[in-house]
Amino acid sequence: MNEQETIDGCLAGDPLSQRAMVEAYGDLVLSVALNVIGNRQDAEDVCQETFLQVFRRLARYDRARSFKTWLLTIAYRRSLDMLRKKRRFKAFSERARFEPAVAGRGGNPHPAAPEPLPSALLKKLSPRERAALTLWANEGLTAKDISAVLACSASTARVFLFNARRKIKALLENAHVLQNG
Amino acid sequence: MFCRTADLLHAALPLRPFRDWLIRSHMEGCPRCQARLLSREEARGLLVAPDRAGDARGLWPRIAAERERSGRVPETPRAAGAAWRAVAVSALALVIAVTGLWVLRETETPAAAAPDRFEISYVNVGGAPAQTFVYQPQGSDSVFVWAQKTP
């Protein structure tokens, strides 16, 4: 089943086509989410939400554009949503700690510590820089394609990518100097 | 422009438009600055590649179950003018709701007021008991409930 047939099948609501789409692009979406968020459980949730949104909104997809870019745009936005949600919850829980709350019920009151990012160095980058670096290194996208995913101009995408490459290289060099010196 | 000057300016003026201009005007075209950037191979070594992300096929049962729950029918693109119709219907509904509330308020007796008590038995997210936090700021009548999946 090629890409166009899979899309047609998904538009018709065919579960086999939807499964084929998840199997064809699942690893790609999961890796982007994992690199942007840095937490496997959240990345899997983002992956699930991305495909559900794709199935719901596939009729809006413009076939003149690359399907992969469209899919990555949704995955990137859902990853940002997840990061915002985590940030809001963190701020909320910190406030709640100082202003005693009514006792909560159900589940573990102490959320598990987030898993480390694939590399601690990536924590030094903003989510947009991490996304730009991932799309450039893993997917070989150009600045123009990255700009479509990040919803910015191509020159801004180049700046994100440049800053990401520069920051990580400097950190690697510092770590190397510390190890040898 | 020398690389050192560019570096100093880049560090000294943290204004994005200026940094963007600096990168475009010098650093992108300078071989020495380019040599101080992470290569694609180095970046791949730090990132999770799609073939190392794990088996995404295992996500299909979750996605299929959620799809069943939320309904199979995909959205169709809205016809032109649909947005305006939606706005008009929402505005009408708002007017009716406000009028209804005003009429009810006029006829409500004090005894009919709801008791000042908030109760929540349990919260399920994704079919499982969720972590639930009930929060009431001191001196406020507002109650916030935050629920998230149990890890």
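Residues numbered from 1 in each chain as written. Chains lettered and ligands numbered in written order. Predicted model: local features only at pLDDT ≥ 70, side-chain atom pairs only at ≥ 80, totals over all residues. Heavy atoms only, no water.

**Quick look at the overall build of chain B**
Inference 1: Secondary structure summary: chain B contains six helices and four strands in total.
Inference 2: Beginning at the N terminus, the succession of helices and strands in chain B can be written as α-α-α-α-α-α-β-β-β-β.
Inference 3: Put simply, chain B has 151 residues, and 23% of those count as buried.
Inference 4: Long-range contacts, defined here as pairs at least 24 residues apart, represent 19% of the contacts in chain B between residues at least 6 apart. (Helix = DSSP H or I, 4+ residues; strand = E, 2+ residues; numbered from the N terminus. Buried < 20%, exposed > 50% of the residue type's maximum accessible area, 1.4 Å probe, protein only. Contact = heavy atoms within 4.5 Å.)

**Things to note about a nonpolar patch on the surface**
Inference 1: A cluster of nonpolar side chains, namely Phe118(B), Val143(B) and Val145(B), defines an oily patch on the protein surface of about 230 Å² accessible area.
Inference 2: Structurally, Val143(B) can be placed in the loop between β3 (131–135) and β4 (144–148). (Patch = residues over 30% accessible without salt bridge, like charges linked within 9 Å, V, L, I, M, F, W, Y side chains within 5 Å. Areas by Shrake-Rupley, 256 points an atom, 1.4 Å probe, with all protein chains shown as cover. Salt bridge = Lys/Arg side-chain N within 4 Å of Asp/Glu carboxyl O.)

**Observations concerning the interface of chain A and chain B**
Inference 1: Chain A puts 70 residues into the contact, and the matching count from chain B is 56 residues.
Inference 2: Of the roughly 5900 Å² buried between chain A and chain B, counting both surfaces, carbon and sulfur atoms make up 60%.
Inference 3: The largest share of the area that chain A buries against chain B comes from Phe92(A), Phe162(A) and Arg166(A), three residues that together contribute 11% of it.
Inference 4: On the surface where chain A and chain B come into contact, there are three salt bridges.
Inference 5: Taken together, the elements giving at least two residues each to the side of chain A that touches chain B come down to α2 (15–37), α3 (40–57), α4 (67–98), α5 (127–137) and α7 (154–180) of chain A.
Inference 6: Among the residues making up the side of chain A that touches chain B, the classes are represented as 31 nonpolar, 19 polar and 20 charged. (Buried area = accessible area lost by both parts, 1.4 Å probe. Nonpolar A, V, L, I, M, F, W, Y, C, P; charged D, E, K, R; others polar.)

**A look at helix α1 (residues 3–12) of chain B**
Residues and elements named next belong to chain B.
Inference 1: Restricting attention to buried positions, one finds in α1 the residues Cys3, Ala6, Asp7 and His10. Considered in projection along α1, the buried side chains sweep an arc of 100 degrees and stay on one side of the axis. Structural note: α1 exposes Arg4, Leu8 and Ala12 on the side pointing more than 90 degrees away from its buried face. (Arc of directions from axis to C-beta.)

**Describing unusual backbone geometry**
Comment: phi is negative for the bulk of residues other than glycine, and the bulk of peptide bonds are trans.
Residues and elements named next belong to chain A.
Inference 1: Despite not being glycine, Ala151 shows a phi value in the positive range, around 55 degrees.
Inference 2: As for its placement among the helices and strands, Ala151 is situated in the loop between α6 (143–150) and α7.
Inference 3: Residue Ala151 is classed as exposed on the basis of its relative accessible area of 58%.

**Here's the deal with the nonpolar core**
Inference 1: Phe51(A), Phe67(A) and Leu133(A) are the most contacted members of the largest nonpolar core, which totals 61 residues.
Inference 2: Per-element tally for this core: the top contributor is α2(A), with 11 residues.
Inference 3: Contact partners of Phe67(A), with chain neighbours within four places excluded, come to Glu3(A), Ile7(A), Met21(A), Tyr25(A), Val54(A), Leu58(A) and Tyr61(A).
Inference 4: Within the second largest apolar cluster, 10 residues are counted, among which are Val159(A), Met27(B), Cys30(B) and Leu37(B). (Core = buried A, V, L, I, M, F, W, Y, C linked by side-chain atoms within 4.5 Å.)

**Some points on the packing of α1(B) against helix α2 (residues 16–27) of chain B**
All names here are of chain B.
Inference 1: Where α1 meets α2, the axes come as close as 10 Å, and the angle between the chain directions of the two elements is 165 degrees. Classified by the angle their axes make, α1 and α2 are roughly antiparallel. In this structure, α1 meets α2 at a crossing whose hand is left-handed. Each of Cys3, Ala6, Asp7, Leu9, His10 and Ala11 in α1 lies in contact with α2, whose residues at this interface are Phe18, Arg19, Leu22, Ile23, His26 and Met27.
Inference 2: Tallied by class, residues from the contact of α1 with α2 come to eight nonpolar, two polar and two charged. (Axes fitted to C-alpha atoms, helices over the stretch in contact; angles between N-to-C directions. Parallel < 35°, antiparallel > 145°, perpendicular 65-115°, else oblique. Left-handed = near helix turned anticlockwise from the far one by under 90°.)

**Quick word on α6(A)**
Residues and elements named next belong to chain A.
Inference 1: Taken residue by residue, α6 has Ile146, Ser147, Val149 and Leu150 as its buried positions. Along the axis of α6, the buried residues cluster in a sector spanning 160 degrees; they form a single face.
Inference 2: Positive phi shows up at Ala151, right after α6, with a value of about 55 degrees.

**Details of the environment of Val22(A)**
Inference 1: Checked against the element boundaries, Val22(A) lands in helix α2.
Inference 2: What Val22(A) contacts, discounting residues up to four positions off in sequence, is Phe51(A), Phe55(A), Ala56(B), Trp60(B) and Ile63(B).

**Description of the pattern of salt bridges**
Inference 1: Scanning all chains against the criterion turns up 13 salt bridges over all chains.
Inference 2: With a shortest N-O distance of 2.6 Å, Asp8(A) and Arg63(A) are connected by a salt bridge. Here the residue Asp8(A) occupies a position in helix α1 (residues 3–11), and Arg63(A) occupies one in the loop between α3 and α4, the gap between them amounting to 55 residues.
Inference 3: The partly exposed category is assigned to Arg63(A), whose relative accessible area is 37%.
Inference 4: In this structure, Arg62(B) engages Asp45(A) in a salt bridge whose closest nitrogen and oxygen atoms are separated by 2.6 Å. Here the residue Arg62(B) occupies a position in helix α5 (residues 60–70), and Asp45(A) occupies one in helix α3, the pair thus bridging two chains.
Inference 5: By relative accessible area, Arg62(B) is classed as partly exposed at 30%.
Inference 6: A residue is classified by how much of its surface remains accessible, and Asp45(A), at 12% relative accessible area, is buried.

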